[in-house]
Every structure is written in structure tokens, then in C-alpha cells.
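Here is how the chains run, residue by residue.
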Amino acid sequence: MVFSAIIALFTKILEKIVGIFSIKPSQSLKQEGSKMSHLPMSEKTISVIKATAPVVAPQAHKITETFYPILFRDYPIALDFFNKPTQNQQTAALGDAVIAYASNIDNLGVLAGAVQKINERHCAFGVTPDLYVAVHDSLLKAIVEVLGDAVTPEVGDAWSKAILALAEICWTAEEELYKAAEGRKGGWRMFRDFELVEKTNVGEDTVAFDFKASDGYADGFQYDAGQYLTIKVADGEQKLLRRYTVTSKPGDALLQCTTRLVKGKDGAPDGAMSSFMHSDKFVVGTKVQLAAPFGGYSAKGLGLEDGAPVAFVTAGIGATPAIALSQEGAVGVRGALHVDRSAEYGRELANKIESGDVEVRSVFGESRQKVAELITAFGGEHKDCDFICCGPLGFMKSAMVALAEAGIEDGKIHCEMFGPGNVKK
């Protein structure tokens, strides 16, 4: 990602349009190897951000709606990092993040969990410091465009410094994640060439894909069960980038993910990546690029001790984290309930959840009300467990309510979003 000329150009434009920033984007994260730091933030910067947070908060979503068109116009390469069908959720998520950051500017520790998730996703997509420069430029332009005269030189300077400080926090953490991924057995940084070696149907519209390293490495890949890998492919001129839970076992010589064909509803398009992967275009021998596995939806990431009692509540392709976590043996599976539209879709997925002598209950084609009742009853049978809950957003929200009715504490219900957004919002 080479932004030097673009950054220089838009820095000049930004100076002319805004004329208020004492720290310019081109002076920031682009200067790798320098000792320049934007941390800790000064008391003045913190004070100004806290004072303006009430003004920014009501406009946060408008700012982020303005931000993305600016980012994609000025830095088209940024389009490679975003999934168009989930853009609305991404915009809302960024708006929420802006509000949270401004409101907690003097106590950023409370945002550690959310920032960690962002860091993991950034590494999965191969984000570098240059992209933070693009975000800094574009977000400042959006703030000025939306807030107008409210952005005085003092306010603009404070927000510039605050954005750069957050970028530094993120990039510092992400560099450590990159190093850790690179240092694992079979590990690597950014993207690596792989080849599709097997494509196996495991249910209606559901396929497992196995990949081997193109460089001949076959000594096993180490990662935490429950993490996801990112696949980068080109379908004609369209570049596609998506992440999927790894369903092979840590230490295996191949990396596997299992996906379901995403069919558009209510006028929405079919999933671009799943359509490509499930088509005849994506055959054994196809070359892809994979990022190393990242993500915190693992036993360690969820704070579960070895052998901790766990029950799975999943729907559709949301079974994949349960498959990954169960086969590693890091948690003690006490129960599993899998919901799907029919046996043709879900039976084989449910069978892949390794539960020892514990029965995996399959629920096919039932109404939402019936499913909620079954989840409440299931929760009541496993009150000593932590619950791993994954599936469509509506399902997870309903499952959380159903488990709460069974007396399960909120902190013992662990949900995973496959895209941007917040299950608990």
C-alpha cells in the first residue's frame, strides 16, 4: 500500500480546506522508524475532546456516513478492506466507536476489549500504518463537513491529535499481533499463497474448503481453535476479502474453512465471496492468498480455563466456532444445541461438533418461538456452563433473551458476530 504521493496531495488540500491542523497526516504514522509519538495525550487535548463529545455524539453517525464516501473517493485502495453488503453495519459500528472513544478519552482502559477485537480484524485484513493515515485524513474532513463552524482551530487540533493517538494505540497493538502470528509454528505475516486442494459438501449449500501452502510447507499450522482465517481472491476484476472460522485442527498440515452460500433476501445481492467459492470458478488447484489466523473467539480469548464446562447454542453456519472449539479439547463440552432450516442443511454440521458422550441436539425447521423455548430449557439444564452462542444476529439476540430467562448470567454468554456490529446493542 503506497500512499506517499496521495498523502502529500491531500495534506495540501486538507490544509487549504480546513486550515487548522498543527499535526499533519503526512507527519504521523507514515514516518516508520521515527520516535514521533502522539501518546500520552496532553491534558488540553483530553479536555477539549471531553468538552466536544456531547456535540459530536448526536452527529457521530452522520460523520461516519460522510466519512466512508470521502475515504473511498480519496483512497480507492481502502475499498479492498470492506464488505459492501455490511457497509451499513460498519458505518453504525464506527459511529458507536467514535462516541465511545470521545466519551472515554480519559479512561481508555474500558475500551480495551472492543479495541482488541478491532486490532484482530485489522491484522486479519493486512492493515498497515498507511491506512491509518487515510482514515485520519478522511475522518477529519468528515468532521469539518458535518460540524462546520463548530470546528475551531483548537477543536480541530485536538481531534487530529486524538485520532493519531488512537491510531498509534491500534498500530502498536497490531504490530505485536503480527509478530505473534509470524512466530507461531507455520506462521507468517500479512498474506501468503495457498492452493485449494479439496472441496467437500457438508450439507445443502455448505462446503468445506482445504488449502495447502504453495511454498511446499506441510509441517502443521499452530493457532488457537476458534480463530478465523482471511481469504483473498480475485473474481475477474473484483477483489474479494472475507474471513471464516478455521475448522481444521491446530497442528494440521492443511487449513480448512467451512462456508455456506449466502443468498440475498429482500432485494439484497447474493454473497459475492460465497457465490464465487461455491461456483465452478473455484476448483481444486485455484490459487488464493490467506492471512494467518486471528481472532479472540477462542478458549483463551474468552477467558475460559482448560476444561471449563461449555454448552454450544448455534444456528446455521454459526456451528463452525463450536466445531473448532470442540475438536481441540480445550473446553469441556457439556451440551450442544444446533438450529438449522432443515436436516439437509444442518445434520452433518451438527455431527461435526465433537461432544464425546454428550448428545448434540438438532432442531430443524422449527418456529422462532419454539426454538426460544428449547434454548431456555437447554439453558436450565446447563446452568454451570459458559455458553458459546453463534449464528445470525437475530438468532443470537433471541438466544440471549432465552438463556437469560433460564437464569444464565450475561457474562457467561459469549456471542460472536461474523461481521461488524454488536449483538448486545
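As the structure is a computational prediction, the values presented were derived from the model and not from experiment. Residue numbering note: each chain is counted from 1, following its sequence as written. Per-residue local features are limited, in this predicted model, to residues with pLDDT of at least 70; the limit for side-chain atom pairs, both in listing and counting, is 80 or more; totals at the level of whole chains, interfaces and linings are taken over all residues. Hydrogens and water molecules were not included; the side-chain quantities draw on all heavy atoms of the structure.

Caption draft 1: Region of interest: the sheet that holds strand β5 (residues 255-260). Strand pairing is defined by DSSP finding a minimum of two bridges between the two strands. Here a strand is any run of E in DSSP of at least two residues, a helix any run of H or I of at least four, and the numbering for each starts at the N terminus. Taken in spatial order, the six strands line up as β4-β3-β6-β1-β2-β5 in an open sheet, and their pairing is antiparallel. The sheet is open, and its two borders are formed by β4 (238-245) and β5, each paired with just one other strand. Strand-to-strand twist of the sheet, defined as the mean angle between neighbouring strand axes without regard to direction, takes the value 35°. Strand direction decides the pairing type here: strand β1 (residues 191-203) and strand β2 (residues 206-213), joined by eight bridges, are antiparallel. Bridge assignment links G203 to a residue of β2, and that residue is T206. Here a residue-residue contact requires only that any non-hydrogen atoms of the pair lie within 4.5 Å. In this description, a line fitted to the C-alpha atoms serves as the axis of each element, helices being fitted only across the stretch in contact, and the angle between N-to-C directions of two axes falls anywhere from 0 to 180 degrees. Across the sheet, helix α10 (residues 343-351) touches β1, β2 and β5, and the angle it forms with β1 is around 115°.

Caption draft 2: Summary view of the sheet that holds strand β9 (residues 360-364). The parallel open sheet is built from five strands, whose spatial order is β9-β8-β7-β10-β11. The two strands at the open ends of the sheet, each matched to only one other strand, are β9 and β11 (413-416). Averaged over all pairs of adjacent strands, the angle between their axes in this sheet comes to 15°, without regard to strand direction. Bridging between strand β7 (residues 308-315) and strand β10 (residues 386-390) involves five bridges; their strand directions are parallel. If you follow V310 over to β10, its bridge partner there is D386.

Caption draft 3: Expanded view of unusual backbone geometry. That bond from L39 to P40 is cis: its omega, -10°, falls within 30 degrees of zero. Despite not being glycine, M190 shows a phi value in the positive range, around 60°. Of note, M190 is situated in the loop between α7 (153-183) and β1. In this scheme, a residue with accessible area under 20% of its type's maximum is buried, one over 50% is exposed, and one in between is partly exposed, where area comes from a 1.4 Å probe on protein chains only. The exposure class assigned to M190 is partly exposed, which follows from its relative accessible area of 24%. Of note in this structure, D205 is not a glycine but carries a positive phi near 60°. Among the secondary structure elements, D205 is positioned in the loop between β1 and β2.

Caption draft 4: Up close: the nonpolar core. To qualify as a nonpolar core, a set must consist of buried Ala, Val, Leu, Ile, Met, Phe, Trp, Tyr and Cys residues joined through side-chain atoms within 4.5 Å. Core analysis: the biggest nonpolar cluster contains 74 residues, and F211 and I231 have the highest contact counts within it. Sequence-distant contacts of I231, defined by excluding residues within four places in its chain, comprise F211, L240, L241, R242, Y244, C257, M273, M277, V288, Q289 and L290. Of all hydrophobic cores here, the second largest spans 23 residues; its members include A315, F387, M396 and C415.

Caption draft 5: Layout of the packing of helix α5 (residues 112-124) against α7. Where α5 contacts α7, the axes come no closer than 9 Å and their chain directions differ by 55°. By the angle between their directions, the pair α5 and α7 is classed as oblique. The way α5 lies across α7 gives a crossing that is right-handed. The segment α5 lies against α7, with V115, Q116, I118, N119, E120, H122 and C123 engaging C170, A173, E174, L177 and Y178. Under the scheme applied here, ten amino acids are nonpolar (Ala, Val, Leu, Ile, Met, Phe, Trp, Tyr, Cys and Pro), four are charged (Asp, Glu, Lys and Arg), and all others, including Gly, are polar. A breakdown of the residues in the contact of α5 with α7 according to their chemical character gives seven nonpolar, three polar and two charged. Each angle receives one of four descriptions, namely roughly parallel if under 35 degrees, roughly antiparallel if over 145, roughly perpendicular if within 65 to 115, and oblique otherwise. By definition, any crossing whose near helix is turned counterclockwise from its far helix by less than a right angle is left-handed, and any crossing with a clockwise turn is right-handed.

Caption draft 6: Layout of the side chain of D386. On the secondary structure map, D386 appears in strand β10. A polar side-chain atom of D386 sits 2.7 Å from a polar atom in the side chain of H414. Polar contacts, as counted here, are pairs of nitrogen or oxygen atoms within 3.5 Å of one another; within protein the pair requires one atom able to donate a hydrogen and one able to accept it, and residues that are adjacent in sequence qualify only if both atoms are side-chain atoms.

Caption draft 7: The arrangement of the pairing of β4 in detail. Of all eight residues in β4, six are buried; the element is thus mostly enclosed. In the sheet, strand β3 (residues 228-235) pairs with β4 via eight bridges, with the strands oriented antiparallel. When the bridges of β4 are listed, D235 appears paired with Q238. Count of turn residues in the β3/β4 antiparallel hairpin: two residues, of which G236 carries a positive phi of about 70°.

Caption draft 8: Quick peek at the environment of A299. Relative to the helices and strands, A299 resides in the loop between β6 (287-294) and β7. For A299, a relative accessible area of 9% puts it in the buried group. Taking the C-alpha atoms as reference points, A299 and A225, separated by 74 residues in sequence, lie 7.7 Å from one another. What A299 contacts, discounting residues up to four positions off in sequence, is A225, L304, L325, A330 and V331.

No statement about biological role is implied by the geometric values presented.
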